[in-house]
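The residues making up each chain are set out below.
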Amino acid sequence: RQCDKEDPISELDRLEPWQASALKELGLYGPGANNLEVRLGGERVVDPRLLGALRVLYAPSLEPLKGLSLKALTSLDTIIDPEIELRALTTLLGAGAVALNNFPTGAKEDEEQLKNNTLDSNTRKAIEFRIAKKRCVVTAVEALALKIQEVNEKAAAPQMSSKEKKKLKKQEKMNKMLGIDETTAKKEQ
């Protein structure tokens, strides 16, 4: 099937209007989508626009995203819905694995090459740069794996009612006023 050159995404994949709107707001869809490059690793674990886009695409409806600010939608600290999060994070983890597999050499091979004293300075810098890129991706993959673990733990934790949450907050506040730390309070219960 031929894709429409003006709007290839809508031709290949029919987006719900709310998805198209959210992707436009992220700058990844429509006429304003000038920079479609997204990053994994580096200063941030993942490009916020990429995380937001995956959440939008994996959400079964607008309902789980309602009321979220753009900042919350794109923040790795936000857990919208465990199923959506796990799908998005697993996709990012896979992207990291693919990125690492696309390097022509492994980390050990690069380290061995650097031991070669006959390398010219440009080759040495290229290998050092490749090692640095790999480290960025590995750090991102490790952070994503930890985030997946966190989401799984939160999903498995029993949910407290609002009444129970208020009672717990009240107890924590009282413990703080009395100078009782959390570990001591838990042992006493």
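Quick caveat, the model's predicted, so the values are computed rather than measured.

Further remarks concern the overall build of the protein chain. The helix and strand tally for the protein chain stands at nine helices and zero strands. For the protein chain, the succession of helices and strands along the chain, N to C, is α-α-α-α-α-α-α-α-α. Here the protein chain, with 189 residues, has 27% of them falling under the buried criterion. Approximately 13600 Å² of the protein chain is accessible, and the part contributed by carbon and sulfur atoms is 53%.

Looking at the secondary structure, you find Asp-47 in the loop between α2 (17–25) and α3 (48–58). The contacts of Asp-47, once residues within four sequence positions are left out, are Glu-37, Val-38 and Arg-39.

An ideal rise of 1.5 Å per residue puts 28 Å on 20 residues; helix α5 (residues 82–101) measures up with 28 Å between its terminal C-alpha atoms. Within α5 the residues assigned to the buried category are Ile-84, Glu-85, Ala-88, Leu-89, Leu-92 and Gly-96. With its buried residues spanning 115° around the axis, α5 presents them on a single face. Exposed side chains of α5 directed beyond 90 degrees from the buried face belong to Glu-83 and Asn-101. On its buried face, α5 is in contact with α3 and α7 (121–156). Capping the start of α5, Asp-81 holds a side-chain oxygen 3.1 Å from the backbone nitrogen of Glu-83, two or three residues further along.

Reading the values: rules and limits
Residues numbered from 1 in each chain as written. Predicted model: local features only at pLDDT ≥ 70, side-chain atom pairs only at ≥ 80, totals over all residues. Heavy atoms only, no water. Helix = DSSP H or I, 4+ residues; strand = E, 2+ residues; numbered from the N terminus. Buried < 20%, exposed > 50% of the residue type's maximum accessible area, 1.4 Å probe, protein only. Areas by Shrake-Rupley, 256 points an atom, 1.4 Å probe, with all protein chains shown as cover. Contact = heavy atoms within 4.5 Å. Expected span 1.5 Å × (residues − 1). Arc of directions from axis to C-beta. Polar contact = N/O pair within 3.5 Å; in protein donor to acceptor, adjacent residues only side chain to side chain.

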